[in-house]
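Architecture at a glance
Spelled out from the first residue to the last, the chains are:
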Amino acid sequence: MKRIIAALLFILFVCCACSTEKESGKKLSDLEFTVVKEEDIPEELKAIIEDKKQQVFKLTYEDQNQLYIAVGYGEQQTGGYSIQVRDLYLSENAVYFDTELKGPKKKDVDNQVRSYPYIVVKTGHRDESVVFQ
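Values in this document were obtained by computation on a predicted structure and should not be read as measured data. (Residues numbered from 1 in each chain as written. Predicted model: local features only at pLDDT ≥ 70, side-chain atom pairs only at ≥ 80, totals over all residues. Heavy atoms only, no water.)

**Remarks on the overall build of the chain**
In terms of helices and strands, the chain carries two helices and eight strands. Listing each helix as α and each strand as β along the chain from the N terminus yields α-β-β-α-β-β-β-β-β-β. Taken across its 133 residues, the chain has 30% of its residues classed as buried. Considering only residue pairs separated by 6 or more positions, the chain has 69% of its internal contacts joining residues 24 or more positions apart. Counting only carbon and sulfur atoms, one obtains 49% of the accessible surface of the chain, whose full area is about 9300 Å². (Helix = DSSP H or I, 4+ residues; strand = E, 2+ residues; numbered from the N terminus. Buried < 20%, exposed > 50% of the residue type's maximum accessible area, 1.4 Å probe, protein only. Contact = heavy atoms within 4.5 Å. Areas by Shrake-Rupley, 256 points an atom, 1.4 Å probe, with all protein chains shown as cover.)

Next up, the structure:
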């Protein structure tokens, strides 16, 4: 009987933990952001991106009370890619960032040029951690 009660308590605990985890990702509000032009990216962040751009990367960087969020999609065989920000929002305990890589249109494909698509967005300083989706 004690084992059954212990098992039931364990299952209840796991279910509550899963429920809380799902709720913690619930959107409280959208965050305003700016897509940062390459020439406006802080030099230190540019160097980090240059070092990581050949592989997929996800990173954050803080500078002068601004939070920069960067996502790179690694080496691509052609140019013409774009990146869409699908969502940037605040939940109860984190900032969620979701992007999507859009393939090149047939007219934009240049088979001779490899590319390293990435995006950097800037928003106000946040204490919450960033969750990449």
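**Quick word on the pattern of salt bridges**
Within this structure, the stated rule accounts for nine salt bridges. Of the charged contacts in the structure, one is a salt bridge between Lys27 and Asp87, with a shortest N-O distance of 3.3 Å. Residue Lys27 is located in the loop between α1 (2-24) and β1 (29-30), and its partner Asp87 is located in strand β5 (residues 82-90); the two are separated by 60 residues in the primary sequence. The salt bridge involving Glu75 is made with Arg114; its shortest N-O contact spans 3.7 Å. Here Arg114 lies in the loop between β6 (94-102) and β7 (118-124) and Glu75 lies in the loop between β4 (66-73) and β5, a separation of 39 residues in the sequence. Take Glu75: its relative accessible area is 35%, and that puts it in the partly exposed class. One salt-bridge network, in which partners are shared between bridges, spans Arg86, Asp98, Glu100 and Lys102. (Salt bridge = Lys/Arg side-chain N within 4 Å of Asp/Glu carboxyl O.)

**Brief notes about the sheet that holds strand β2 (residues 34-35)**
By way of backbone hydrogen bonds, the strands of a sheet pair with one another, either parallel or antiparallel. Here four strands make up an open sheet; going across it, the order is β2-β7-β4-β3 and the pairing antiparallel. The open sheet has two edge strands, β2 and β3 (56-63), and neither has a second partner. Of the pairings in the sheet, the one linking β4 to β7 comprises seven bridges and is antiparallel in character. Following the sheet pairing, Gln66 is matched in β7 by Gly124. Taken strand by strand, helix α2 (residues 43-52) contacts β3, β4 and β7, and its axis lies near 170° from that of β3. (Pairing = 2+ DSSP bridges. Axes fitted to C-alpha atoms, helices over the stretch in contact; angles between N-to-C directions.)

**Remarks on the side chain of Thr99**
The residue Thr99 is located in strand β6 in this model. The exposure class assigned to Thr99 is buried, which follows from its relative accessible area of 10%. Side chain to side chain, Thr99 and Tyr73 meet in a polar contact 2.6 Å long. Once residues within four sequence positions are removed from consideration, Thr99 is found in contact with Val71, Tyr73, Ile83, Gln84, Val85, Arg86, Ile119 and Gln133. (Polar contact = N/O pair within 3.5 Å; in protein donor to acceptor, adjacent residues only side chain to side chain.)

**What to know about unusual backbone geometry**
We note that Gln64 has phi near 50°; this positive angle belongs to a residue other than glycine. If you trace the backbone, Gln64 turns up in the loop between β3 and β4. In this model, Asn65 sits at a positive phi of 65°, which is unusual for a non-glycine residue. Tracing the chain through its elements places Asn65 in the loop between β3 and β4. With a relative accessible area of 60%, Asn65 lands in the exposed category.

It is worth stressing that arrangement in space is one thing and function is another; only the former is reported here.
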